[in-house]
Amino acid sequence: MAQAVWEKPAGEAQAPVVSRERLKFLIGGILILGAILYLIFSGMQAGARFFITVDEVVNDANYAGQTVRVSGAVLGDTIRYDEATLTIEFTVVHIPEGQDVTGETLFNAVNDPNATQMRVRVEGQTKPDLLRHEAQAIMTGTYGADGVFHVSELNLKCPSRFIEGAPGEMTEAGS
Amino acid sequence: MLAEIGIVFQALALAASIYATIAAFLSARRHSERLLVSARSAALLTFPLMLGAAGVLLMALINQQYQISYVWQVTDPSTPLFYRVTALWGSQQGSLLFWNVTMSGFAFASLLLNWRENHRLMPYVIVFQMAALAFFAGISLLMESPFARYWVTQPAPSLPPVVEAHMFIPTGAEAPPMFVQPGGDGFFQQGLAQTANGLNPLLRHFGMIIHPPMLYLGFVGFLVPFAYAMAALASGDLTTNWIKATRRWTLIAWLFLSLGLILGGRWAYDVLGWGGYWGWDPVENAAFIPWLVGTAFLHSVLIQEKRGMLKTWNMFLVIFTFSAVLFGTFATRSGLIESVHSFAQSAIGMPMFLFWLIMTVIGVWLIMWRRGRGELRDEHGFAGWLSRETLFVLNNVVFVVLALVVFWGSFGMPIFSVTFMDTEITLGAAYYSLVTVPLFAAMYILMGVAPLAAWGAMTMRRMGKALVVPLALTAVGVVIAALLGARSAGTLFGYGIVLLAGIVAVYEIYRGARARMVTSKESLPVALLTIFGRNRRRYGGFIVHLGIVIIGIGVIGSTAYQLETIQQLGRTGEAQIGGYSVRYDSLELGQIAEDGRLMDIANVTVLRDGQPVAQIRPRVDHYPSMAVTIPGVHSTIEGDVYVLLSGYNEIDGSTATLHIYVNPLINFVWWGGLILIVGTLISAWKDERAPERVRTAATTRGGMQWGVPQAGQ
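Residues numbered from 1 in each chain as written. Chains lettered and ligands numbered in written order. Predicted model: local features only at pLDDT ≥ 70, side-chain atom pairs only at ≥ 80, totals over all residues.

**Things to note about the overall build of chain A**
Along the backbone of chain A there are four helices and seven strands. Starting at the N terminus and ending at the C terminus, chain A contains elements arranged as α-α-β-α-β-β-β-α-β-β-β. Within the span of chain A, comprising 175 residues, buried residues form 23% of the whole. (Helix = DSSP H or I, 4+ residues; strand = E, 2+ residues; numbered from the N terminus. Buried ≥ 20, exposed ≤ 12 C-beta atoms within 10 Å, placed from the backbone.)

In structure tokens, the structure reads:
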């Protein structure tokens, strides 16, 4: 087997060679570490998105023109879809922070007359099935000077579907 | 009645696992064989008990026991039998029970198969396996019971009755009605069977049916090497015994995890309708991280077997593989991270977090303790920077760094920013592509170079010599890729390193067979069979490398050259994309499928050079709760034409909006996955026992080393 040939004989004469080898490993290690850190930092600069609320986008000028992620509740009546130009427009309302987004939070948000509203525009995309009243829209895009949030990536969630818990609608006629 | 039986099974399994943990621990302290045997019996018993509980839930699902809230959540009267069975792992509680079944099953198998050979490790193996099982059994029994039932109670005489799920029957409670005739004038207007949820439509796909069990088998399978490593640390038997006992278990867990990841990708491609198969979603990443750490472990463990090096490092890897499994389970099941397919929010977050933390801390503490006592000292130092050891260490660096950056992107950064920066920062796809692409490139380069390096040390010249033939063949391959249309320097470089890795794998297999043909005068097929039979792990490993190479070809092609267009077409209107024409022919509205869902189906013709090559039927499935867009796909070796029906005139079908992707070479991803599975199976298969004299010859200090000396190794 090859290893017998390549095995280094142990001995004091070899000591300086070993430390030179060590130095090589050390320098190699530092170079690799540096490269990895550089990668991670540039990756974070390219990929970092602030995940903020509708209130913050609309009222905080710091976020204007920046690519951010925003979560809002969809107002069903405001959805306009032009199939010829593949443009979707709708309005989302602010979802209060600090709680999990459930069907109830979304219901409260769309029925709160004082909640901040924001117009949203999505281009080059067909209307997703989940885009409807009381859905939670998670949007990546930029807030323009025109007061419209221009979306590059749209995700929708309807947490009221497949909820776990009591079958409450059993007592409601016709649901 | 069924529910009670299920609960009893679960409670007995929990009791048995707790007893086994304690008895095994005491047996280790007191060196009591009698206690150990008793602990083992209890541990073995957990598997049939868990199977019993799962069987009960299965019966409840099949017999439509909607009073059991889990059954109500995941099935309804129209659910076909097949999906009733798979609903067993369709949601949180059922999948936790299923998790328990697989966990006890792995413990059962490893305690049966490794009992004799690894007797000294057994007490602590049982301790760690059963402690983990007791934890998950406890969660399943007490916090996420799959057997909770709906009961009607009257909170106060003046208040209306309430329907709630309880595990035990509340006093004075009644079962809700199963079915109420329309117009019934009682309190209930509808019964349980009429309101049942049904399985989430997105989960009705073959990939989704076997993807979760495969993932769970992969996750849970890493419990075996973890428990053996912990047992080695706790018992002080730090020879390679634990590695030998667990290498096949590790491969089996890795096999299932790989299969789960591939099937998950296929499911996303077929059902989620965004033209891709991997989205760096936190839940996907949670499964990918243990795969990465486990892959690092599979490689570095070879160095410990061959050279007695990296002992501490290997302990860290095996412990962190399972730790990553626990963390991923915690993150996805507790609702910690926003994700498109995260499980419901639930109360099990804190206990799962604590369990993960405790297991990890115990593991790290045991390693540091043994290391402090000098028991994990390496037998060799690193001899040269081009040695195979060094290249394997670099491979480990790549995999571990990949695991860390994926962890940072999906969990670290969001949690850090929320905790310390008072805002939430998430890292999008741009982060992953920028950071992971160079690391994957490094992985492929190492995959091409490392198999050529020798143990111990190697000179640059020897490496250069060994690389001549593979590099020349790679150059030919790159020229062919360029002629076939790859133009950019980046993709040509990508194809170059991927091809080099593949050529080296084939070249090494060829060299092994060649040496055999010369020494034993065997024909090529016989020689191939012999080398695969004699050293399954080595040559199976090269097949796995080939699988990864083919996946790489598919990934580069389908990401770098994907084309996309959305067009609204009238009847017989055509969209042009990537040399294809896609023609909208007609729409079939309101077709009824077997399970009662309505389907709107478009008839679409794919043409090439004016000639029709395929008829495809992209469609939209309408379920009561949601609509699912299912693509129509024309698959060839060149790639897929992937068409989504993303809008249409709902009255007469006069227009349809088609979202069309051309995904070049995408099928290489699935074929590569298949080859990877085959290679892993070869590696994990039991080795033929070598003839007695060879075995004696191969025996060196510390018992028999892995495998048999091979020509050309």
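**Examining the overall build of chain B**
A tally of helices and strands in chain B yields 21 helices and 15 strands. Computed over C-alpha atoms, the radius of gyration of chain B comes to 28 Å, within 12% of the 27 Å expected from 2.2 N^0.38 for 713 residues, which places it in the range of a compact globule. Its C-alpha atoms give chain B principal-axis dimensions of roughly 90 × 80 × 55 Å. Of all 713 residues assigned to chain B, the portion counted as buried reaches 51%. The contacts in chain B between residues at least 6 apart in sequence include a share of 69% that link residues at least 24 apart. (Rg over C-alpha atoms; globule rule 2.2 N^0.38 Å. Contact = placed C-beta atoms within 7 Å.)

**Observations regarding the sheet that holds strand S12 (residues 639–648) of chain B**
The strands making up a sheet associate through hydrogen bonds between their backbones, and the pairing can be parallel or antiparallel. All names here are of chain B. Read across the sheet, four strands follow the order S4-S13-S12-S11 without closing on themselves; strand pairing throughout is antiparallel. Each edge of the open sheet carries a strand with a single partner, namely strand S4 (563–570) and strand S11 (632–636). Neighbour to neighbour, the strand axes of the sheet diverge by 20° on average, direction disregarded. (Pairing = 2+ DSSP bridges. Axes fitted to C-alpha atoms, helices over the stretch in contact; angles between N-to-C directions.)

**Quick look at the packing of helix H16 (residues 460–483) of chain B against helix H17 (residues 489–520) of chain B**
Residues and elements named next belong to chain B. Relative to each other, H16 and H17 sit at 135°, their axes nearing to 8 Å. The orientation of H16 with respect to H17, classified from their angle, is oblique. Of the two elements, H16 crosses H17, and the hand of that crossing is right-handed. Of the residues in H17, those in contact with Val-469, Pro-470, Leu-471, Leu-473, Thr-474, Gly-477, Val-478, Ala-481 and Ala-482 of H16 are Leu-492, Tyr-495, Gly-496, Leu-499, Leu-500, Ile-503, Val-504 and Tyr-507. Looking at the contact of H16 with H17, its residues break down into 14 nonpolar, three polar and no charged. (Parallel < 35°, antiparallel > 145°, perpendicular 65-115°, else oblique. Left-handed = near helix turned anticlockwise from the far one by under 90°. Nonpolar A, V, L, I, M, F, W, Y, C, P; charged D, E, K, R; others polar.)

**Focus: the environment of Pro-225 of chain B**
Residues and elements named next belong to chain B. Note that Pro-225 resides in helix H9 (residues 223–235). For Pro-225, a count of 30 C-beta atoms within 10 Å translates into the label buried. Spatially, the C-alpha atom of Pro-225 lies 43 Å from that of Ala-627, the residues being 402 residues apart in sequence. Not counting the four nearest positions on each side in its chain, Pro-225 is found in contact with Thr-246, Trp-249, Thr-250 and Val-318.

**What to know about the nonpolar core**
Grouped together as the largest cluster of nonpolar side chains are 203 residues, with contacts concentrated most on Ala-231 and Val-293 of chain B. Looking at this core, the element that brings in the most residues is helix H10 (residues 241–272) of chain B, giving 18 residues. If we ignore the near neighbours within four places in the chain, the residues touching Ala-231 of chain B are Leu-121, Tyr-124, Val-125, Phe-128 and Trp-242 of chain B. Counting residues in hydrophobic clusters, the runner-up holds 24 residues, among them Val-57, Ile-95, Val-110 and Val-120 of chain A. (Core = buried A, V, L, I, M, F, W, Y, C linked by C-beta atoms within 7 Å.)

**Some thoughts on helix H12 (residues 311–333) of chain B**
Counted at 1.5 Å a residue, the expected span for H12 of chain B with its 23 residues is 33 Å, and the 33 Å between its end C-alpha atoms agrees. Burial analysis of H12 of chain B places 22 of its 23 residues in the buried class, which makes it a mostly covered element. (Expected span 1.5 Å × (residues − 1).)

**What about unusual backbone geometry?**
Backbone geometry at Glu-134 of chain A places phi at a positive 70°, although glycine is not the residue there. Glu-134 of chain A sits in the partly exposed class, given 18 other C-beta atoms within 10 Å. The phi dihedral of Thr-572 of chain B is positive, around 65°, even though this residue is not glycine. Note that Thr-572 of chain B resides in the loop between S4 and strand S5 (574–577).

**Section: the environment of Ser-646 of chain B**
With respect to the helices and strands, the residue Ser-646 of chain B is situated in strand S12. The class of Ser-646 of chain B is buried, set by 24 C-beta atoms lying within 10 Å. For the pair Ser-646 of chain B and Gly-273 of chain B, spaced 373 residues apart in sequence, the C-alpha separation works out to 9.5 Å. The residues contacting Ser-646 of chain B, other than those within four sequence positions of it, are Thr-126 of chain A together with Thr-629, Thr-657 and His-659 of chain B.

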